Amino acid sequence: MAQLSDAVLFEYLHIEIVGYIHRCADENEKDHCIAKLESLGFRVGQSLVERFTRESTRFKDELDTMKFICKDFWNSVYRKQIDNLRTNHQGVYVLQDNKFRFLTQISNGKQYMDVAPKFLAFPCGMIRGALANLGVNSVVTAEVSAMPACKFQIQIQRT
Amino acid sequence: MSRQSSRAPDPRKVNGELFTLTYGALVAQLLKDYEDDDEVNRQLEKMGYNIGVRLIEDFLARSNVSRCNDFRETADQIAKVAFKMYLGVTPVVSNWSAAGDEFSLLIENNPLTDFVELPDGHTDLNYSNLLCGALKGAMEMVQMEVDVKFVQDQLKGDNITELRLKFIRRLEDAVPAGED
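I will try to describe carefully the structure that is included in this document.

Rules and cut-offs
- Residues numbered from 1 in each chain as written.
- Chains lettered and ligands numbered in written order.
- Predicted model: local features only at pLDDT ≥ 70, side-chain atom pairs only at ≥ 80, totals over all residues.
- Heavy atoms only, no water.
- Pairing = 2+ DSSP bridges.
- Helix = DSSP H or I, 4+ residues; strand = E, 2+ residues; numbered from the N terminus.
- Axes fitted to C-alpha atoms, helices over the stretch in contact; angles between N-to-C directions.
- Contact = heavy atoms within 4.5 Å.
- Buried area = accessible area lost by both parts, 1.4 Å probe.
- Salt bridge = Lys/Arg side-chain N within 4 Å of Asp/Glu carboxyl O.
- Polar contact = N/O pair within 3.5 Å; in protein donor to acceptor, adjacent residues only side chain to side chain.

**Observations regarding the sheet that holds strand β3 (residues 144-152) of chain B**
Residues and elements named next belong to chain B.
Then comes step 1: Ordered in space as β1-β2-β4-β3, the 4 strands form an open sheet in which the pairing is antiparallel. Of all the strands in the sheet, the pair left with one neighbour each is β1 (92-94) and β3. Strand-to-strand twist in this sheet, taken as the mean axis angle between neighbours without regard to direction, amounts to 25 degrees.
Then comes step 2: Note: strand β2 (residues 102-107) against strand β4 (residues 161-170), 6 bridges, orientation antiparallel.

**Remarks on the interface of chain A and chain B**
One frequently used descriptor of interface size is the decrease in accessible area upon assembly of the parts.
Then comes step 1: Each side of the interface is counted separately: chain A has 42 residues, and chain B has 46 residues.
Then comes step 2: Summed over both partners, the interface of chain A with chain B buries about 4200 Å², with 62% contributed by carbon and sulfur atoms.
Then comes step 3: Counting across the interface, chain A meets chain B through 3 salt bridges.
Then comes step 4: The shortest N-O distance in the salt bridge between Glu16(A) and Arg54(B) comes to 3.4 Å.
Then comes step 5: Linking chain A with chain B are 4 residue pairs in polar contact (both at pLDDT 80 or more).
Then comes step 6: Counting residues per element, the ones that place at least two in the side of chain A that touches chain B are α1 (7-23), α2 (30-52), α3 (62-78) and α4 (116-133) of chain A.
Then comes step 7: It is α1(A) that contributes the most residues to the side of chain A that touches chain B, 12 residues altogether.

**Thoughts on the side chain of Ser97(B)**
Then comes step 1: Tracing the chain through its elements places Ser97(B) in the loop between β1 and β2.
Then comes step 2: In this view, Ser97(B) contacts Glu102(B) and Arg164(B); residues no more than four positions away in its chain are not counted.

**Examining the sheet that holds strand β4 (residues 150-156) of chain A**
All names here are of chain A.
Then comes step 1: Taken in spatial order, the 4 strands of this open sheet run β1-β2-β4-β3, and their pairing is antiparallel. What marks the edges here is a single partner per strand, and that holds for β1 (84-87) and β3 (138-143). The mean inter-strand angle of the sheet, taken between neighbouring strand axes irrespective of direction, is 15 degrees.
Then comes step 2: Here 6 bridges tie strand β2 (residues 92-97) to β4, and the two strands are oriented antiparallel to one another. Bridged to Val 94 within β4 is Gln 153.
Then comes step 3: Relative to β2, α3 is tilted by about 15 degrees, and along the sheet it contacts β1, β2 and β4.
Then comes step 4: Against the sheet, α4 contacts β3 and β4, and its axis sits at roughly 155 degrees relative to β3.

Right, dumping it as structure tokens:
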């Protein structure tokens with residue numbers, strides 16, 4: 001199988017996807033755009049993790065799964081690891097990336113804070129999709145306090 | 001910890017799959033949004049164009065190629081350097097027109113279509129149309145207007161995927177897109 005190999009392509013494609021989804025929506029459909037991007041991400045995360053873990057053994061527990069997301073998954077997608085992982089041991093995990101790849105092209109500081117959600121919906125969906133396929137149902141949200149740092153909060157859904 | 005090492009995927013390989021899968025999700029979304037294949041082709045080309053316009057800078061910065069003297073040299077650079085760098089494949093340049101202004105890129109394994117099967121009823125869809133747009137956008141940034149289209153596509157049962165590039169004209173004073 002031929003291999004494409006460049007990270008730049010993925011980044012540019014993501015920018016275009018965000019642009020496209022927002023181009024074809026009205027001003028009052030913003031939430032709808034975010035949901036669409038999230039579900040695209042979900043789909044990608046789901047199929048990607050299936051290919052990643054094809055030859056690996058079962059994860060020990062939830063924390064082990066999270067570590068996989070922070071290290072291997074993050075490394076393959078964004079070429080770096082999550083900088084900090086925290087948990088309250090009650091089903092909430094916070095993944096902090098101090099230099100999130102999709103935000104590095106936006107100027108630092110507060111000026112463009114309002115556009116950040118656009119670029120975080122797809123990554124959130126990817127995390128949710130990856131976890132879903134590893135048997136963990138979750139809700140994933142992202143929070144930015146200063147670009148390009150970003151926190152992803154994963155809330156495990158147990159039902 | 002042998003388990004860790006067996007789990008860690010080769011990042012290069014995975015990154016390729018990531019792009020392929022993301023692109024697939026995009027095309028699926030487009031097909032949902034527009035029922036008309038031609039419109040999907042147009043959208044893909046437009047996005048490709050935007051990518052190409054940016055990508056050329058990355059390409060020139062990293063590849064260290066110098067100015068091409070003729071279109072044949074350009075064709076070689078596209079096939080041997082650009083495609084290799086970004087898609088990991090090297091298409092064959094062939095079918096030159098007599099005037100030397102038109103050629104084909106023959107792609108054996110198009111990585112964009114690795115996991116793809118076209119459903120029935122999409123005979124007009126050019127799944128990888130993003131490539132046409134990207135080539136057009138990138139070439140425009142080096143003052144060449146070209147026409148790019150798919151002639152054959154393995155997804156549609158052809159033996160090979162063939163992209164046809166036609167040189168239209170040299171752009172003398174490059175005006176940024178959208179400002180002319």
